[in-house]
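# Descriptive analysis of the structure
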Amino acid sequence: MPVASWNGHEIARSDDTVVVEGNHYFPADSIDAALLEDSATHSNCPWKGVASYKTLVVDGKRNVDAVWYYPEPKSAAAEIKDRYAFWKGVVVA
C-alpha cells in the first residue's frame with residue numbers, strides 16, 4: 001500500500017492510488033488534511049489542465065507547494081480529479 005511521508009511523518013496512505021507519469025495520486029480522504037495549508041500557486045499542464053498546490057506543515061516545518069492536485073482536470077485526466085500528488089522531498093513508498 002503506497003504511503004507518502006515527509007520529515008518522518010505520514011501524510012497519506014491508500015491502496016487506491018492512480019499512477020500518472022510516475023506520480024501516485026492519492027484520494028482526498030487518504031490525506032491528513034491537518035498538515036495542508038492553502039497556496040495561491042498554480043501551474044498548467046497541456047493535457048491535465050490547471051494544477052493547484054498546497055504547502056505541507058509538519059512539526060513547524062513548511063514544505064512550500066509540495067502537494068499538487070487538479071480541481072477541474074481536462075477529460076484526458078479525469079481519473080485524477082479529487083486526488084493529490086507529492087514532490088519536493090515527500091517520499092512515496
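Everything that follows concerns the structure shown earlier in this document.
Let's shift gears to the nonpolar core. Generally speaking, a soluble globular protein has its nonpolar side chains buried in company with each other. In terms of nonpolar packing, the biggest core is built from 16 residues, with Ala4, Ile11, Ile31, Leu56, Phe86 and Val90 touching the most fellow members. For this core, the elements supplying multiple residues, two or more each, are β1 (3-6), β2 (9-13), β6 (49-58), β7 (61-69) and β8 (83-86). For this core, the element with the highest residue contribution is β7, accounting for three residues. The residues contacting Val90, other than those within four sequence positions of it, are Ala4, Ser5, Trp6, Leu56, Asn63 and Ala66. Counting residues in hydrophobic clusters, the runner-up holds 11 residues, among them Val18, Tyr25, Cys45 and Tyr53.

In spatial order, the strands read β3-β4-β8-β7-β6-β5; together these six strands make up an open sheet with antiparallel pairing. With one partner strand each, in any of the chains shown, β3 (18-20) and β5 (36-45) form the two edges of the open sheet. Within the sheet, the average angular offset between the axes of one strand and its neighbour, ignoring direction, is 35°. Across two bridges, the pairing between strand β4 (residues 23-27) and β8 is antiparallel. Of the residues in β8, the one forming a bridge with Phe26 is Tyr84.

This part takes up the side chain of Ser14. Its place among the elements puts Ser14 in the loop between β2 and β3. A polar atom in the side chain of Ser14 sits 2.9 Å from the backbone nitrogen of Asp16.

Looking at where Thr55 falls in the secondary structure, it is placed in strand β6. Residues Thr55 and Asp38, 17 residues apart in the sequence, show an inter-C-alpha distance of 6.4 Å. The contact partners of Thr55, leaving out residues within four places of it in the chain, are Leu35, Leu36, Glu37, Ser39, Arg62, Asn63, Val64 and Asp65. Separated by 3.2 Å, the side chain of Thr55 and the backbone nitrogen of Asp65 make a polar contact.

Conventions used here
- Residues numbered from 1 in each chain as written.
- Predicted model: local features only at pLDDT ≥ 70, side-chain atom pairs only at ≥ 80, totals over all residues.
- Heavy atoms only, no water.
- Core = buried A, V, L, I, M, F, W, Y, C linked by side-chain atoms within 4.5 Å.
- Buried < 20%, exposed > 50% of the residue type's maximum accessible area, 1.4 Å probe, protein only.
- Helix = DSSP H or I, 4+ residues; strand = E, 2+ residues; numbered from the N terminus.
- Contact = heavy atoms within 4.5 Å.
- Pairing = 2+ DSSP bridges.
- Axes fitted to C-alpha atoms, helices over the stretch in contact; angles between N-to-C directions.
- Polar contact = N/O pair within 3.5 Å; in protein donor to acceptor, adjacent residues only side chain to side chain.

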